[in-house]
Amino acid sequence: MATSVPTTILEVFESRVNQSSARPALRRRIESVWTSVSWKEWWEASERLAAGLIEVGVQAGDRVLLLSETRVEWVICDMAIQMLGGVTVPVYPSLGPVLVQHIALDSGAVAAIVSDPIQLDKLVEHRQTLSALRSVFWIEREAVRAQADFRGRFGARIDEVLGDLDPWNRSLEQLAANGRRVLAADGSVVSRRRRHVRSEDVATIVYTSGTTGEPRGVILTQRNLVAQVLALADLQIFAEDDVQVLFLPLAHIFARVLYLAAVGYGIETAVPDDMRNLLADMQEVEPTFFAAVPQLFDQVRAKIERDGAHGPLGGQIFRVAGRLGTAADRAQQTLVPTRRADRIGRTILDRIRPDRARQLFGGRVRFAISGGAPLSGETLDFFASFGLELLQGYGLTETTAVATLNVPADKRWGSVGRPLRGVDMTIDEDGEVLVRGDSVSAGYWHDDEATANSRDADGWYRTGDLGEFDRDGFLHITGRKKELIVTAGGKNVAPVPLEAALERIAVVERAVVFGDRRPFVVALLVLHDDAVSGWAAAHGIGRDEVTSHPEFVAALDVAIDAVNRDAGGYAAVKRWGVVGPLSEAAGTLTATGKLRRTAIAELHAVALERLYGR
């Protein structure tokens, strides 16, 4: 980092380029070969694009839509937009046309950068509704030319659809070429813009997926982004020679902050081009850390357990040793005396564990960060015991991603860590977590009412999450205030910890509990596909017979009863039912994997009514 405290992300970037000009900054695969981009090359590529955008009339403060999968061009474009004083509006490539057009219209974007025909399609089909949009550029020029379906639908009228847009349209490659020409004529055209960017300027508007209603834009300033980078630097968990693999969607603030933190530290960021080859890419890149969502860790855990079950010691010893060993680790973190059995398990585990997790991810990983959704304690324990430490934290888009984080030298099992530097946190009278600090959003785009309602009289941001601090200052999230279930008997039930407990049952992949204004609590369960198939094969029955088989039902009842003993009488799950998988496509999950409770209730209304005997 620079000796003087930066006030904008551009100052952080410029300082990094000055310090590490020729060092690798980005890595991408070109024709099956990993190729590096230096810090100087990144800067120059972004500057050319910035000059090209200035040429087509993008002004300081203008919003530019960035609709693309995670790729190297994404971060180059993001920095280009920052260089000219613009505002990046990232959009999930998984969103459908209606939501994409809502974000484009609500933000008033004057330009858009899209990756390919599929994303371009979402904008051009209803182009007439996007009155502010003047320029559209696509990253994959050849893909646009070659896409038969796109040419078939729009080829004959592409000029009609996009004809009223600025003539410098079409490919990002052409935009960069135009920018090179502009810079040759006036080498300071971008630097003049850059010098006028201030800490209070809006850097990005990130539209949160939300659990109900349309997405709303969270305003994040240069100050917000810099505060987050400095706070992560203060943790001292990264090093300049680190390499991260970045594959999370950059439309999510968590992934965005990871790449910005890499700029602050000088970390090389490798960006895979195909998620299907992720583990193979990690073997080649050999990252020292990475971040992922809980689903990936759950999948890898299942693979390690399957491999262990076929090992020389068999699955049972493998799992028992892990369970005892993690109990020893947990006891040490929570300052509880360690049982003799746990210490023995720790010793056995140290002798037999194959460090399989680290090997799967390339062999050099020191730690991984889990974000986007809560991580089960069981998965956390598993990876800690079998070679990989997972760091779990807490944050929101409105807090510029990370507000608290467990770190290797300062962690507490079951918590989400301590607040980062510059983040003030307190717990309100009703248990809600409140946050203040330079990383907290200024508010919501075009929504003064929501902005006002999100803060109390003293300026604390209301997270909507319930939590508590332990005696050492570690935050424990206990539930979601807005998702509190109030039963017909007036009892409050926090669904999140109850769902987490149900998801620790081996066969349960996802759990959703209901009971608001109802006489008791019920649960809809999504079962692990492998578990159902395995049970069916072991008992010689069809998959569709498993959930009604008396032995299966009895076993699951026993497991749920164990959860109920810890939950308390009024929070106990009285009845349960099995439903199909939840997904973003079905509208039952957000883009970040969070539950859309209203949509789930509507989709499975019949099943819910049956559970209540109606």
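To start, this report covers the structure provided alongside it.

Rules and cut-offs
Residues numbered from 1 in each chain as written. Predicted model: local features only at pLDDT ≥ 70, side-chain atom pairs only at ≥ 80, totals over all residues. Heavy atoms only, no water. Axes fitted to C-alpha atoms, helices over the stretch in contact; angles between N-to-C directions. Helix = DSSP H or I, 4+ residues; strand = E, 2+ residues; numbered from the N terminus. Left-handed = near helix turned anticlockwise from the far one by under 90°. Contact = heavy atoms within 4.5 Å. Nonpolar A, V, L, I, M, F, W, Y, C, P; charged D, E, K, R; others polar. Pairing = 2+ DSSP bridges. 1 Å grid on protein atoms, 1.4 Å probe; cavity = no way out; pocket = protein on both sides within 12 Å on 5 of 7 lines; lining within 4 Å. Points joined across faces, edges and corners; volume = space filled by probe spheres on them. Core = buried A, V, L, I, M, F, W, Y, C linked by side-chain atoms within 4.5 Å. Buried < 20%, exposed > 50% of the residue type's maximum accessible area, 1.4 Å probe, protein only.

1. Considering the packing of helix α1 (residues 9-20) against helix α3 (residues 72-83)
Thought 1: Axis separation between α1 and α3 bottoms out at 10 Å; the angle between their running directions is 115 degrees. For α1 against α3, the interelement crossing comes out left-handed. Residues I9, L10 and F13 of α1 form the contact with α3, whose own contacting residues are M79, Q82 and M83.
Thought 2: Here the residues of the contact of α1 with α3 are counted per class, giving five nonpolar, one polar and no charged.

2. Considerations on the sheet that holds strand β26 (residues 573-578)
Thought 1: One open sheet accounts for three strands, arranged β24-β25-β26; its pairing is mixed. The open sheet terminates on both sides in strands that have one partner only, identified here as β24 (508-514) and β26. With strand direction ignored, the average angle separating the axes of adjacent strands in the sheet is 25 degrees.
Thought 2: As paired elements, strand β25 (residues 521-527) and β26 share five bridges and run parallel to each other. Paired with V521 across the bridge in β26 is V573.
Thought 3: Against the sheet, helix α22 (residues 550-567) makes contact with β24, β25 and β26, and its axis sits at roughly 140 degrees relative to β26, the strand it touches most.

3. Brief notes about empty space enclosed by the protein
Thought 1: By the definition in use, this model includes three cavities of 30 Å³ or more.
Thought 2: Approximately 60 Å³ is the volume attributed to the largest cavity.
Thought 3: Forming the boundary of the largest cavity are L232, I237, F238, F254, V257, L258, I369, V402 and L405.

4. With respect to the nonpolar core
Thought 1: With 122 residues, the main nonpolar core has W42, Y259, F290 and F383 as its most contacted residues.
Thought 2: Top element by residues in this core is helix α12 (residues 253-265). It accounts for 11 residues.
Thought 3: The contacts of Y259, once residues within four sequence positions are left out, are W42, W74, V75, D78, M79, Q244, L246 and L250.
Thought 4: Membership of the second largest hydrophobic core comes to 26 residues, among which are L502, I505, A511 and W576.

5. Things to note about the pairing of strand β1 (residues 24-30)
Thought 1: With six bridges joining them, β1 and strand β2 (residues 33-38) adopt antiparallel strand pairing. Among the inter-strand pairings, L26 is bridged to a residue of β2, identified as V37.
Thought 2: The antiparallel hairpin formed by β1 and β2 contains two residues in its connecting segment, where E31 sits at a positive phi of about 50 degrees.
Thought 3: Summarising the sheet, β1 and strand β11 (residues 268-270) pair through two bridges and their orientation is parallel. Within β11, the residue paired with R27 across the bridge is A270.

In short, the description is geometric, and any link to function would need to be established separately.
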